[in-house]
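Descriptive analysis of the structure
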Amino acid sequence: MFYHVLKYVLLGPLLRLAFRPRIEGLEHVPEDGAAIIAGNHLSFSDHFLMPVVLKRRITFLAKQEYFTGPGIKGRLTAAFFRSAGQIPVDRSGKEAGRAAIREGLGVLSKGELLGIYPEGTRSHDGRLYKGKVGVAVMAITAGVPVVPCAMVGTFEIQPPGKVVPKVKRVTIRFGAPLDFSRYAGMEGEKAAIRAVTDEIMYEILALSGQEYVDDYAAAVKAAEEERNARGTRKFPRRGR
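No experiment lies behind these values; they were computed from the predicted model shown.

Observations concerning the overall build of the chain
- On a plain count of helices and strands, the chain comes out with 10 helices and 9 strands.
- Evaluated residue by residue, the chain yields a buried proportion of 44% over its 240 residues.
- The contacts of the chain with a sequence gap of at least 6 include a subset with a gap of at least 24, amounting to 79%.
- Roughly 12,900 Å² of accessible area belongs to the chain as shown, and the carbon and sulfur atoms make up 55% of that amount.

Okay, structure coming up:
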């Protein structure tokens, strides 16, 4: 109930007015039945802008930190995500990936739309990073189509670290549904799920026009932060 109030009364009209999203390929999103919407992830704003333009309700697997943040901001963020029906996922450890897959399959078993960002985290520099294979496991296991989606311009309006987004027009593109029925029963084979994931990422890349990096975003970001930390450390001067 609250999801529809947010979308059609409280938040949706404001977002449409402020960002005037160009919507391309919306006809590719199935009107009914289970499907996965797999998109690039450039901004916190992505969580709001994509659902606003869809005709159907979509449920995202959201990182657990959105539900456990401290202070007033943390409580408000948690309340929003819970009210919108989003699912918290712990992203730490091996079991986290399996838990996310179980939650996602539960959404798909109800014939609903599942939203997922295969990169696993927001891009810290606007580039598109290597996708994690959970999206492939869910697509093959559930036997559902995957609709690639590209958010264009959301990094410019609200890059990581920016609290208030810049009011600027954005574009949201949906590609033709991808059918992976030829991989039926192969969700446990590493080569198969890697191939499916890479195909999904290629389609997102074609829609977004981003530069592609064949490494995981979290690993690249961590390496850059470590280099920056080493560069700012103060070392004692050597005696003469």
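Considerations on helix α3 (residues 46-53)
- Most of α3 is tucked away, with 8 of its 8 residues classed as buried.
- Where α3 is concerned, the buried positions are D46, H47, F48, L49, M50, P51, V52 and V53.

Here we look at the environment of A184
- Take A184: it is sitting in the loop between β8 (171-174) and α9 (190-208).
- Residue classification places A184 among the exposed positions, given a relative accessible area of 56%.
- Taking the C-alpha atoms as reference points, A184 and A139, 45 residues apart in sequence, are found 9.4 Å from one another.

Considering the environment of G12
- You can see G12 is positioned in helix α2 (residues 12-19).
- Residue classification places G12 among the buried residues on the basis of a relative accessible area of 2%.

A closer look at the pattern of salt bridges
- Tallied over the full model, the rule gives 6 salt bridges.
- Between D198 and R194 there is a salt bridge, and its shortest N-O distance comes to 3.1 Å. You can see D198 and its partner R194 sitting in helix α9, 4 residues apart, about one turn around the helix.
- Judged by its relative accessible area of 35%, D198 is partly exposed.
- Linking R230 and E226 is a salt bridge whose minimum nitrogen-to-oxygen distance equals 3.5 Å.

A short note on the pairing of strand β5 (residues 113-116)
- Of the two faces of β5, the one lined by L113 and G115 and the one lined by L114 and I116 are each fully buried.
- Pairing of strand β2 (residues 35-39) with β5 involves 4 bridges; the strand directions are parallel. In the strand pairing of β5, I36 is matched with L114.
- Relative to β5, strand β3 (residues 58-63) is paired through 3 bridges, and the arrangement is parallel. Looking at the pairing, I58 lines up with L113 of β5.

Focus: the sheet that holds β2
- One open sheet holds the 7 strands; their spatial order is β1-β8-β7-β2-β5-β3-β4, and the pairing between them is mixed. With one partner strand each, in any of the chains shown, β1 (22-24) and β4 (87-89) form the two edges of the open sheet. For this sheet, the mean angle separating the axes of adjacent strands, direction not counted, is 25 degrees.
- Contacts from helix α7 (residues 134-142) reach β2, β3, β5 and β7 (146-152), with the element oriented near 160 degrees to β2.

About the criteria used
Residues numbered from 1 in each chain as written. Predicted model: local features only at pLDDT ≥ 70, side-chain atom pairs only at ≥ 80, totals over all residues. Heavy atoms only, no water. Helix = DSSP H or I, 4+ residues; strand = E, 2+ residues; numbered from the N terminus. Buried < 20%, exposed > 50% of the residue type's maximum accessible area, 1.4 Å probe, protein only. Contact = heavy atoms within 4.5 Å. Areas by Shrake-Rupley, 256 points an atom, 1.4 Å probe, with all protein chains shown as cover. Salt bridge = Lys/Arg side-chain N within 4 Å of Asp/Glu carboxyl O. Pairing = 2+ DSSP bridges. Axes fitted to C-alpha atoms, helices over the stretch in contact; angles between N-to-C directions.

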